[in-house]
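# Architecture at a glance
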Amino acid sequence: MTKDLTEGKPARLIFDFALPVLGGYIFQQLYNVADTIIVGKCLSVEDLAAVGSTGSVSFLILGFCMGISSGFAIPVAQCFGAKNYTKMRQYIYNAIILTAVFSIVYAVATVILCHPLLKLMQTPYDIIDHASDYIIIIFAGIPFGFLYNLSSGILRSLGDSKTPLYFLLFSSVLNIFLDLACILIFKMGIRGAAIATVISQGVSGILCIFYIKKKYPILKFQKEDKIFSLLLSKNLCSMGIPMGLQYSITAIGSVILQSAINGLGSRTVAAITAGLKIHMFFCAPFDALGTTMATYAGQNIGARKIERIKDGLKDSCLMGLIYSLFAFVLLLFVGDKLSLMFVDKSQSDIIRKAHQFLISNSAFYFPLALVNIIRFMIQGMGFSKLSILSGVFEMVARAVFGFVFVPMIGFMAATFASPAAWVLADVFLVIAFFYCYKKVKAEFESGA
């Protein structure tokens, strides 16, 4: 069930590994998109805007959870590449303990601070109560998110990118049925959409755990594995916390930008919500490439095969470029049609703005591809702290647009905020990658 990414042609390995990961990200997006489509069609434009207004704060909080889980998986991938399975299991045991503590503390804190944060973001008064009802339930389900992200991250570290996809497929279908049941049958409104998402993610995580226990003898804990180690925990946190902070720092810029967008009114919020949901689907290949390159880099660093890192970078960038061109052309011609998934055709101003948002963003998809590929390769090589700085560049760009250009220019400035953030982050990441590559190569050549 495991897969070694240290042998064979990088392009083929990357593509084969990324394909199931891509499927997983697409189905993961179904969690949010199913909520948005059903809310937009079955409830109201105000409810649609309420869900959308929580997007950046959700990314701020849940992104930290995803980052920590991804960071915890990197030492696992490195130990697997080095074929040190005892230490790998010890890392996993310590990661489980740390994840349990993080998830409980984080869930309690975010639920308490949720409503004040929405007020601080200037969420429109006509949707703030609905937005609060929705996002509080999502935050209360954070432990389920940690459960799935950690278990799927461990599986991918061992080269298994297919199993997390299967569980996400099941839970995504479950989410759609629960959405419809909670909203249409039980009349739970926007709360029902959040409850459906939390339950579905919990099922996905639990299934992953049962599958790991049954199918992976290599992960069966021995007595000597069940030791809480301050050193291993420190190493895990040195990977996980910077990756979590990188997501959160990036999201701070998104929160500032969202606050500015909220000031443009609930209909503009609804338009960007529709555009953003479509955009997230089209960005799934970039996320898949990023996740793949973290595992690829981690295993090859563990195996001390530094030259394969650069080969993998070239091949993944070519894949990202080809897809970026395809996505831009497709969204240019059918982006407005896709917006009809979320609103009725009578909402012509919302459809027009959503399409403009998609065109502006997709024109810069290749810089976004580079952000994901290079950032995650750096993390897989063991330089997680540098990812924080790349997040700072993104935060600065979005903050400038949120504080200056959106209030001055309006909607059009909001559509170019993320592209500016991607380009600025790339300037730093390209330099950082070659610094990391040369440093690791020198260490390997010196026998360190």
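A brief report on the enclosed structure follows. (Residues numbered from 1 in each chain as written. Predicted model: local features only at pLDDT ≥ 70, side-chain atom pairs only at ≥ 80, totals over all residues. Heavy atoms only, no water.)

A few words on the overall build of the protein. When you go through the protein residue by residue, the secondary structure sums to 17 helices and zero strands. Its C-alpha atoms give the protein a radius of gyration of 21 Å, within 12% of the compact-globule value 22 Å for 448 residues. With respect to the principal axes defined by its C-alpha atoms, the protein has extents near 65 × 45 × 35 Å. A buried classification covers 58% of the 448 residues belonging to the protein. Partitioning the contacts of the protein with sequence separation of at least 6, the portion at a separation of at least 24 is 86%. Only carbon and sulfur atoms are counted for the fraction: they give 70% of the accessible area of the protein, which is about 18100 Å². Placing the 36 positive and 24 negative side-chain charges of the protein at their respective mean positions leaves the two points 6 Å apart. (Helix = DSSP H or I, 4+ residues; strand = E, 2+ residues; numbered from the N terminus. Rg over C-alpha atoms; globule rule 2.2 N^0.38 Å. Buried < 20%, exposed > 50% of the residue type's maximum accessible area, 1.4 Å probe, protein only. Contact = heavy atoms within 4.5 Å. Areas by Shrake-Rupley, 256 points an atom, 1.4 Å probe, with all protein chains shown as cover. Lys, Arg positive; Asp, Glu negative; His and termini not counted. Charge placed at Lys NZ, Arg CZ, Asp CG, Glu CD.)

Most peptide bonds take the trans configuration, and most residues that are not glycine carry a negative phi. With a phi close to 55°, Lys 187 is a non-glycine residue in the positive phi region. Here Lys 187 lies in the loop between helix 7 (163–185) and helix 8 (189–215). Although it is not a glycine, Arg 304 sits at a positive phi angle of roughly 60°. Within the fold, Arg 304 resides in the loop between helix 11 (284–302) and helix 12 (307–338). Judged by its relative accessible area of 42%, Arg 304 falls in the partly exposed class.

Another aspect to go through is the nonpolar core. In terms of nonpolar packing, the biggest core is built from 125 residues, with Ile 309, Tyr 365, Ile 378, Met 381 and Phe 433 touching the most fellow members. Among the elements that line this core, the one with the most residues is helix 17 (residues 417–445), at eleven residues. Setting aside its immediate chain neighbours within four residues, Tyr 365 contacts His 279, Phe 282, Cys 283, Phe 286, Ser 324, Ala 327, Leu 331 and Trp 422. Met 239, Met 243, Tyr 247 and Phe 376 belong to the second-largest nonpolar core, a separate cluster that totals six residues. (Core = buried A, V, L, I, M, F, W, Y, C linked by side-chain atoms within 4.5 Å.)

Among the secondary structure elements, Val 400 is positioned in helix 15 (residues 384–409). Residue classification places Val 400 among the partly exposed residues on the basis of a relative accessible area of 35%.

Inspection of the secondary structure assignment puts Gly 153 in helix 6 (residues 142–157). Judged by its relative accessible area of 9%, Gly 153 is buried. Remark: the alpha-carbon pair of Gly 153 and Ala 294, spanning 141 residues in sequence, is separated by 10 Å.

Tracing the backbone shows Asp 225 in the loop between helix 8 and helix 9 (230–262). Overall, the relative accessible area of 0% leaves Asp 225 in the buried class. Here the alpha-carbon distance between Asp 225 and Phe 144, two residues 81 residues apart in the chain, equals 25 Å. If sequence neighbours within four positions are ignored, Asp 225 has contacts with Thr 86, Arg 89, Gln 90, Tyr 93 and Lys 220. A polar contact of 2.7 Å, which involves the side chain of Asp 225, links it to the backbone nitrogen of Gln 222. (Polar contact = N/O pair within 3.5 Å; in protein donor to acceptor, adjacent residues only side chain to side chain.)

Take the pattern of salt bridges next. Per the stated rule, a full pass over the model turns up ten salt bridges. Here Lys 83 makes a salt bridge to Asp 4, at a shortest N to O gap of 3.7 Å. Highlighted residues: Lys 83 in the loop between helix 3 (55–81) and helix 4 (85–120) and Asp 4 in the segment before helix 1 (10–42), separated in sequence by 79 residues. Overall, Asp 4 belongs to the partly exposed group, its relative accessible area being 31%. Here Arg 89 and Asp 225 are joined by a salt bridge, their closest N and O atoms 2.8 Å apart. Here Asp 225 lies in the loop between helix 8 and helix 9 and Arg 89 lies in helix 4, a separation of 136 residues in the sequence. Note on accessibility: Arg 89 and Asp 225 belong to one class, buried. (Salt bridge = Lys/Arg side-chain N within 4 Å of Asp/Glu carboxyl O.)

This brings us to the side chain of Gln 379. Topologically, Gln 379 is positioned in helix 14 (residues 365–380). Leaving out residues up to four positions away in the same chain, Gln 379 has contacts with Ile 74, Met 239, Met 243, Gln 246, Ser 384 and Ser 387.

This brings us to the packing of helix 2 (residues 45–53) against helix 10 (residues 266–282). With their axes 8 Å apart at the nearest point, helix 2 and helix 10 run at an angle of 65° to one another. For the element pair helix 2 / helix 10, the angle class is roughly perpendicular. The handedness of the crossing between helix 2 and helix 10 is left-handed. On the side of helix 2, the interface is formed by Val 45, Leu 48, Ala 49, Gly 52 and Ser 53, while helix 10 contributes Ser 266, Val 269, Ala 270 and Thr 273. Classifying every residue of the contact of helix 2 with helix 10 gives five nonpolar, four polar and no charged. (Axes fitted to C-alpha atoms, helices over the stretch in contact; angles between N-to-C directions. Parallel < 35°, antiparallel > 145°, perpendicular 65-115°, else oblique. Left-handed = near helix turned anticlockwise from the far one by under 90°. Nonpolar A, V, L, I, M, F, W, Y, C, P; charged D, E, K, R; others polar.)

Within the structure shown, the criterion is met by 14 aromatic pairs. For the ring pair Phe 64 and Tyr 106, a centre distance of 5.2 Å and an interplane angle of 40° mean the geometry is tilted. Of this pair, Phe 64 sits in helix 3 while Tyr 106 is found in helix 4, placing the two residues 42 residues apart along the sequence. Judged by centre distance (5.3 Å) and plane angle (20°), the ring pair of Phe 393 and Phe 428 falls under stacked. On the criterion of sequence distance, the pair formed by Phe 393 in helix 15 and Phe 428 in helix 17 is long-range, its members being 35 residues apart. Here Phe 393 falls in the partly exposed class, since its relative accessible area comes to 30%. Linked through ring pairs, Phe 286, Tyr 323, Phe 326 and Tyr 365 together constitute an aromatic cluster. We note Lys 353 situated over the ring of Phe 411; from NZ or CZ to the ring centre the distance is 5.6 Å. (Phe/Tyr/Trp six-rings, centres within 6.5 Å; stacked < 30°, edge-to-face > 60°. Lys NZ or Arg CZ within 6 Å of the ring centre and 35° of its normal.)

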